[in-house]
Amino acid sequence: MVFLTRKSKSAESILLVLFTVFVLSCAAVFEQKNGTTSQAADEIVASIPFPGAQWIDRMATPETKITLENGETYSSAYAAILNGEPLANPCRNVNAWINSIFIGPKMASRFVEAMGVEWGHYLLCYLRNMIAGMMVYYGTAGIFHYFCYVHPMSKEIFKNRKRPESAVIWDQIKLSQASLFIYTMLPVLDEYLVEGGYTKAYFTVDEIGGWVPHLATMIFYFACVEIGIYWMHRTLHTNKTLYKYVHMPHHKYNKPETLTPWASIAFHPLDGILQASPYLIMMPFVPCHYLTHVFMVFFTAIWATYIHDSMDFNIDPIMGSKYHTVHHTHYIYNYGQIFIFCDWFWGTLKVPDGPTGVPVKRKGV
């Protein structure tokens with residue numbers, strides 16, 4: 001990855017290609033055939049979507065066995081969360097499986113025994129989201145930090161512009177970490193609604209009628225989310241109360257030298273929840289493949305890191321970092337998330353002019 005202007009196009013292209021590949025891969029993973037199931041004397045062969053049911057059996061040991069207050073005994077806390085039927089609710093099954101990667105069955109048993117199955121499950125989801133959110137934030141921002149400020153090529157980048165001060169970066173890290181504790185509650189609500197059947201989320205491509213309907217619905221879902229985020233972000237600026245008490249903390253970083261990859265989630269937690277909410281709000285109305293939806297939210301975190309690095313990345317019609325730097329310096333332009341179409345259509349697009357952070361020499365001065 002090279003952070004020079006002449007090669008910035010390749011960086012954006014790589015991000016978008018990876019996004020497209022992973023979106024398609026998410027659906028393909030769920031189409032895997034992971035085994036068979038049997039009932040009584042008759043052998044029933046069935047397609048079992050990822051991650052299947054065997055993962056519950058593999059983690060079972062005498063030490064993981066748990067007995068609930070109603071007297072029912074399960075091989076582990078995760079078996080109890082799935083009521084012994086991991087295939088009955090595929091979305092809950094995959095969430096429990098992901099939770100088990102971060103939190104072992106013995107620790108999970110403590111939460112389930114103390115809080116009950118439902119509260120225990122969603123507390124595990126929250127803890128997993130918190131851990132994963134920290135990994136994504138510190139991992140992604142750390143990588144961008146190296147290429148922006150440590151790599152030898154950074155000398156060329158900051159030859160004619162000011163570097164961010166360490167105090168600014170540290171301020172962004174503290175604000176981001178504080179926000180994460182509340183911000184990561186939104187995906188828990190998302191998981192509750194999906195698992196409870198309150199959305200139009202589907203788990204496999206077959207459920208929507210094949211790959212063509214799947215791709216069509218995902219494009220439509222993404223377009224709705226893009227429009228929703230545009231208007232939510234714009235409202236956070238035009239509504240004086242929301243701007244003053246919710247969005248303004250993020251806009252104290254209003255110069256190229258105060259924008260860094262660490263500023264991606266340096267905001268009031270309600271600010272982050274509101275801007276991410278279109279991903280959730282659309283789900284009861286627009287069909288969406290569940291794992292693709294999860295990956296879109298994950299990709300948004302990486303994209304937010306990228307657009308806050310204040311580098312000269314700019315490939316139309318992508319709302320790259322150069323466009324977003326203009327948003328932070330001018331406030332009333334470039335509200336979009338990934339593409340510039342909404343800003344172009346509703347008249348709030350401002351095309352970046354000149355190298356980022358380099359003072360413009362006026363004629364006659």
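Within each chain, residues carry numbers counting from 1 in the order of the written sequence. Reporting of local features is limited, given that this is a predicted model, to residues whose pLDDT is at least 70; pairs of side-chain atoms are given and counted only at 80 or more, and all residues count toward the totals for whole chains, interfaces and linings. Side-chain numbers come from the whole structure's heavy atoms, not from hydrogens or water.

(A) Here's a closer look at the packing of helix α6 (residues 117–150) against helix α9 (residues 186–195). The axes used here are C-alpha line fits, helices contributing only the stretch in contact, and every angle between their N-to-C directions lies in the interval 0 to 180 degrees. By definition, any uninterrupted DSSP run of H or I lasting at least four residues is a helix, any uninterrupted run of E lasting at least two residues is a strand, and each is numbered from the N terminus. Relative to each other, α6 and α9 sit at 135°, their axes nearing to 9 Å. By the criterion of interaxial angle, the relationship of α6 to α9 is oblique. As for how α6 packs across α9, the hand of that crossing is right-handed. Between α6 and α9, the residues in contact are His121, Tyr122, Cys125, Tyr126, Arg128 and Asn129 and Pro187, Val188, Glu191, Tyr192 and Glu195, respectively. Of the residues in the contact of α6 with α9, the class split is six nonpolar, two polar and three charged. Orientation labels follow simple angle bins: below 35 degrees gives roughly parallel, above 145 gives roughly antiparallel, 65 to 115 gives roughly perpendicular, and whatever is left gives oblique. Two helices crossing with the near one rotated counterclockwise from the far one by less than a right angle form a left-handed crossing, whereas a clockwise rotation gives a right-handed crossing. Whether two residues touch is decided by their heavy atoms; if any such pair falls within 4.5 Å, the residues are in contact. As a working rule, the residues Ala, Val, Leu, Ile, Met, Phe, Trp, Tyr, Cys and Pro are called nonpolar, Asp, Glu, Lys and Arg charged, and the rest polar, with Gly in that last group.

(B) The confidence of the model for the protein chain, seen in detail. pLDDT measures the predictor's confidence residue by residue and takes values from 0 up to 100. When pLDDT is averaged across the protein chain, the result is 87; 84% of the residues are at 70 or more. Residue range residues 1–7 is modelled with pLDDT below 50. Its contacts to residues more than four positions away, or to other chains, number 14 contacts. In this model, residues 33–46 is a region of pLDDT below 50 whose contacts with residues beyond four sequence positions or in other chains number 23 contacts.

(C) Geometry of the packing of helix α11 (residues 211–238) against helix α14 (residues 290–307). Axis separation between α11 and α14 bottoms out at 12 Å; the angle between their running directions is 35°. Here α11 runs over α14; the crossing is right-handed. Residues His214, Met218, Tyr221 and Phe222 of α11 form the contact with α14, whose own contacting residues are Thr292, His293 and Met296.

(D) The arrangement of α9 in detail. A simple rule labels every residue: compare its accessible area, found with a 1.4 Å probe on the protein chains alone, to the largest value its type can have, and call it buried under 20%, exposed over 50%, or partly exposed in between. Residues of α9 that are buried include every one of Leu186, Val188, Asp190, Glu191, Val194 and Glu195, and no others. Packing partners of the buried residues in α9 comprise α4 (90–102), α6, α8 (166–183), β5 (201–202), α13 (269–281) and α14. The first or second residue beyond α9 is glycine 197, which carries a positive phi of 80°.

(E) Examining the packing of aromatic side chains more closely. Aromatic rings from Phe, Tyr and Trp, with only the six-membered ring used for Trp, were paired whenever their centres fell within 6.5 Å, and each pair was classed as stacked if the ring planes differed by under 30 degrees, edge-to-face if by over 60, and tilted otherwise. Under the counting rule described, the total for this entry stands at 21 aromatic pairs. Between tyrosine 149 and phenylalanine 158, the aromatic rings sit 5.7 Å apart at their centres with planes inclined by 40°, giving tilted as the arrangement. Chaining the aromatic ring pairs together yields one cluster made of Tyr230, Trp231, Tyr335, Phe345 and Trp346. Between lysine 350 and the ring centre of tyrosine 333, over which it is positioned, the NZ or CZ distance is 5.5 Å. Counting as a charge over the ring demands two things of the Lys NZ or Arg CZ atom: a distance within 6 Å of the ring centre and an angle within 35 degrees of the ring normal.

(F) Fine view of the pattern of salt bridges. The salt bridge criterion pairs a side-chain nitrogen of Lys or Arg with a carboxyl oxygen of Asp or Glu, the two atoms within 4 Å. Summed over the entire model, instances satisfying the criterion amount to seven salt bridges. Between arginine 92 and glutamate 118 there is a salt bridge, and its shortest N-O distance comes to 2.8 Å. Of this pair, arginine 92 sits in helix α4 while glutamate 118 sits in helix α6, and the two are 26 residues apart along the sequence. The exposure class assigned to arginine 92 is buried, which follows from its relative accessible area of 9%. Between glutamate 156 and lysine 159 there is a salt bridge, with the nearest N and O atoms lying 3.3 Å from each other. Owing to a relative accessible area of 46%, glutamate 156 belongs among the partly exposed residues under this scheme. Each of Arg92, Glu118 and Glu195 takes part in a single network of salt bridges with overlapping partners.

(G) Region of interest: unusual backbone geometry. Despite not being glycine, serine 310 has its phi angle at roughly 60°, a positive value. Within the secondary structure, serine 310 sits in the loop between α14 and α15 (321–330). For serine 310, a relative accessible area of 0% translates into the label buried. With a phi angle near 75°, tyrosine 331 is a residue other than glycine that sits in the positive phi range. Within the secondary structure, tyrosine 331 sits in the loop between α15 and α16 (341–345).

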